[in-house]
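Here are the chains, one letter per residue:
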Amino acid sequence: MKIAIYIRSVTTARGAEQVSANIAIGLAARGHEVDFLVEENKQGWIIDKLTASGNVSIVNLRAGSGGRLVHRLFQLAAIGRSLFLPAGAIRPDRRWLRQLLRLVYKDDPPIYALHRYIKTHRPEAVLSYLSYPNLVLLMASMFDRSATRYLVSVRNHISTSAE
């Protein structure tokens, strides 16, 4: 089974990044073909750990992600499509739209690069962790007509979040 794991950054190497790397190595050890998708240069101890395992491919979504105009048009199309989601899928007050526009303008998510990766590599499942990668993955999934399954997840450590 081909599986992709999408995490924004591994330079900080906090909890979600470590968990995603361990899951990638574990799935690869069980015979799955695993791609680890990041948005930065391939460096850091987690990348070293993944390459040392020998079974996980590292894919930088920012490297050669196509033309700048296509990239921005794809972001605008994702915002446009999100306007027509079913009524129960989004908050009725439309505050989410301002937050989504801010995310696209400020963080410049690689929606087109992620869509292109899914279209060309055809993973059976794509996993993402943390809010930003989850949102980018869900925006990219709006353009996908394949049988790829998407699993978005946010984990929190109860004792530290209660402080």
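Residues numbered from 1 in each chain as written. Predicted model: local features only at pLDDT ≥ 70, side-chain atom pairs only at ≥ 80, totals over all residues. Heavy atoms only, no water.

Asker: I tried to follow the sheet that holds strand β2 (residues 33–38) on my own but got confused; where do I start?
Answerer: Adjacent strands of a sheet form backbone hydrogen bonds with each other and so pair up, either parallel or antiparallel. Reading across the sheet, the five strands line up as β3-β2-β1-β4-β5 and stay open at both edges, with parallel pairing between neighbours. Each of the sheet's edge strands pairs with one partner strand only, and the pair in question is β3 (56–60) and β5 (149–153). Each strand of the sheet is rotated relative to its neighbour by a mean of 20°, with strand direction disregarded. Along the sheet face, helix α2 (residues 45–53) touches β2 and β3 and points at about 140° away from the line of β3. On the sheet, helix α6 (residues 131–141) packs against β1 (2–6), β4 (125–129) and β5 and is oriented at approximately 145° with respect to β4. (Pairing = 2+ DSSP bridges. Helix = DSSP H or I, 4+ residues; strand = E, 2+ residues; numbered from the N terminus. Axes fitted to C-alpha atoms, helices over the stretch in contact; angles between N-to-C directions. Contact = heavy atoms within 4.5 Å.)

Asker: Just to check I follow, could you spell out unusual backbone geometry for this structure?
Answerer: Residues other than glycine predominantly adopt negative phi, and peptide bonds predominantly adopt the trans conformation. Look at D108: it is not a glycine, yet its phi comes out positive at around 50°. With relative accessibility at 13%, the residue D108 sits in the buried group. Look at L130: it is not a glycine, yet its phi comes out positive at around 80°. Using a relative accessible area of 32% as the deciding quantity, one classes L130 as partly exposed. (Buried < 20%, exposed > 50% of the residue type's maximum accessible area, 1.4 Å probe, protein only.)

Read these as layout, nothing more, since geometry by itself doesn't imply function.
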